[in-house]
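Here's the letter readout for the chains.
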Amino acid sequence: MSLVFRTALCERLMGNVAGPELVAEVSNAGGLGILAGLSLSPDELRARIRRVRVLTSRPFGVNLWLHPGLRPPADVAKIPDATVRAVQETLNRFRERLGVPTTLGRPPAVPDVIDPAFAVILEERPALWSIGLGNPDPQMVGECRARGIKVMAMVATVEDARAVAARGVDIVVAQGGEAGGHRSTWVKTPAREAASVGTMALVPQIVDAVPLPVIASGGIADGRGLVAALALGAAGVLLGTRFVATRESQAPEMWKKRLLEGDGTDTTVTDAVSGLWARYLKNTFTVEYDASGAPVLPALVQSAAARDIFTEAAKRQDPGHFPMPTGQSVGLIRDLPGAGEVVQAIVREARDVLAALPRRTRQV
Ligand SMILES: Cc1cc2nc3c(=O)[nH]c(=O)nc-3n(C[C@H](O)[C@H](O)[C@H](O)COP(=O)(O)O)c2cc1C
């Protein structure tokens, strides 16, 4: 049976949603849990990896973004004054509403942690290094290979699939436009709909383009999705949104509630939260920021600028001003099971779907 993966959250504010408990639950149930490494200090990342090891003896992965805009992060001192001002004036509208002190100042610098985090991965040797939003240097892949760490890179276009395959990765994740969270690309396009080919069309194109196992990602939340992905030639599936709505997820209750109530039309792709295109549940923040026409700051500088707003929203349990990375599969989520139960249910449902297929195809 194929593997069921999960990935965790991309930003420090949200990073606690998917802690080591969720990762271990998935691996213990026969999937491959993946720990989010972005924005963690090397010590924190090491501590989380070690905590996963306390909770499971099964293989797991560690995810890092490799976006070139973070290696190193943008120098906030070099952002034009007018851009900072336009962004802060827009953010001030939310601050005033939430009773947060307004500011026109420069946002804090984003820490330069990707290379130190990669060094931790090499030392700790998880089974898998999972890459989002980037193309690894061949020597990074070689260093992993020398330590028995498999390398998996997530892409959203056929061109990028070929590029990561040429760098020697072991596994390619095809991320369809339905996916929650950031579009896994490393060049930001001006158009939000760029690199948004749907999973159904993208997976077979990438399967045909690269001689590697391809994992389907985006819009998959149950056994039907797993069977469909296998039919498209995928070797497994990677799920994000489904695992936000689990008992082990530390997502705020307001987010879980919105997941249970939402449908596929409730999400939007915006760069207003982090500076990069990503799919979130639509809320007051995404709608009003987008409508403002204000510029956005570089990768993760934008989220650093808005952090006070997101923190206050979390404190108030206000879903209108808290970013909730979520994919179109939200419409398939109607319960809050344990993460291990999700893995088991998907495998069970996939077997049932496969068993029923001959009957269904006779009816066609
Ligand atoms: C809440 C959330 C956080 C995510 N964080 C990351 C991350 O840190 N790194 C990464 O490579 N992908 C991340 N992703 C994207 C997933 O890797 C994956 O592409 C996506 O969740 C699949 O689509 P689905 O949400 O429809 O299951 C995240 C997705 C969600 C929903």
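Residues numbered from 1 in each chain as written. Predicted model: local features only at pLDDT ≥ 70, side-chain atom pairs only at ≥ 80, totals over all residues. Heavy atoms only, no water.

(A) Representation of the packing of aromatic side chains in the model. Across all of its chains, the model carries 5 aromatic pairs by this definition. Through a chain of ring-to-ring contacts, three or more aromatic side chains come together here, namely Phe94, Phe285, Tyr289 and Phe310. The cationic tip of lysine 188 hangs over the ring face of tryptophan 277; the distance from NZ or CZ to the ring centre is 5.1 Å. (Phe/Tyr/Trp six-rings, centres within 6.5 Å; stacked < 30°, edge-to-face > 60°. Lys NZ or Arg CZ within 6 Å of the ring centre and 35° of its normal.)

(B) Highlighting the sheet that holds strand β7 (residues 181-182). Judged by pairing direction, the sheet is antiparallel, and its 3 strands sit side by side in the order β7-β11-β10 without closing on themselves. Pairing within the sheet leaves two strands with one partner each, and these edge strands are β7 and β10 (267-270). Here β7 pairs with strand β11 (residues 278-281) via 2 bridges, running antiparallel. Opposite glycine 181, over in β11, you have arginine 279 as the bridge partner. (Pairing = 2+ DSSP bridges. Helix = DSSP H or I, 4+ residues; strand = E, 2+ residues; numbered from the N terminus.)

(C) Region of interest: helix α5 (residues 114-124). Within α5, the full set of buried residues consists of Ile114, Ala117, Phe118, Val120, Ile121, Leu122 and Glu124. Buried positions along α5 lie against α3 (42-55), β3 (61-65), β4 (128-132) and α6 (138-146). Positive phi shows up at arginine 125, right after α5, with a value of about 50°. (Buried < 20%, exposed > 50% of the residue type's maximum accessible area, 1.4 Å probe, protein only. Contact = heavy atoms within 4.5 Å.)

(D) Fine view of the side chain of threonine 246. Of note, threonine 246 is situated in the loop between α10 (241-244) and α11 (253-261). Aside from chain neighbours lying at most four places away, what touches threonine 246 is Leu22, Lys256, Leu336, Pro337, Gly338, Ala339 and Val342.

(E) Summary view of the packing of helix α4 (residues 81-98) against helix α12 (residues 284-292). Running from N to C, α4 and α12 point in directions that differ by 145°, and their axes come no closer than 11 Å. Crossing handedness for the pair α4 and α12: right-handed. Touching Val87, Thr90, Leu91, Arg93, Phe94 and Arg97 of α4 are Thr284, Phe285, Glu288, Tyr289 and Ser292, all from α12. The residue inventory of the contact of α4 with α12, partitioned by class, reads 5 nonpolar, 3 polar and 3 charged. (Axes fitted to C-alpha atoms, helices over the stretch in contact; angles between N-to-C directions. Left-handed = near helix turned anticlockwise from the far one by under 90°. Nonpolar A, V, L, I, M, F, W, Y, C, P; charged D, E, K, R; others polar.)

(F) Representation of the nonpolar core. Counting 85 residues, the largest nonpolar core has Leu45, Leu91, Trp129, Ile206 and Phe285 as its most contacted members. Residues in contact with phenylalanine 285, not counting those within four places in the same chain, are Leu91, Phe94, Ala272, Val273, Ala306, Phe310, Gly320 and His321. (Core = buried A, V, L, I, M, F, W, Y, C linked by side-chain atoms within 4.5 Å.)

(G) Main features of the pairing of β10. Burial along β10 is two-sided: Thr267 and Val269 facing one way and Thr268 and Thr270 facing the other are all buried. Where β10 and β11 come together, 4 bridges link them in antiparallel fashion. Along β11, the bridge assignment pairs threonine 267 with leucine 281.

(H) Fine view of the confidence of the model for the protein chain. When the pLDDT values of the protein chain are averaged, the result is 94; 95% of them are 70 or greater. Within the model, pLDDT remains below 50 along residues 1-14, and this stretch shows 73 contacts once partners closer than five positions in the same chain are excluded. (pLDDT = per-residue confidence, 0-100.)

(I) The arrangement of the pattern of salt bridges in detail. For the structure shown, the criterion picks out 21 salt bridges. Put simply, glutamate 312 and lysine 315 hold a salt bridge, and the shortest N to O gap is 3.3 Å. Here glutamate 312 and its partner lysine 315 are both found in helix α13 (residues 301-316), 3 residues apart, which amounts to about one turn of the helix. With a relative accessible area of 15%, glutamate 312 lands in the buried category. Residue lysine 315 is classed as exposed on the basis of its relative accessible area, which comes to 66%. Among the charged side chains, a salt-bridge network with shared partners connects Arg46, Arg50, Arg53, Glu123 and Glu124. (Salt bridge = Lys/Arg side-chain N within 4 Å of Asp/Glu carboxyl O.)

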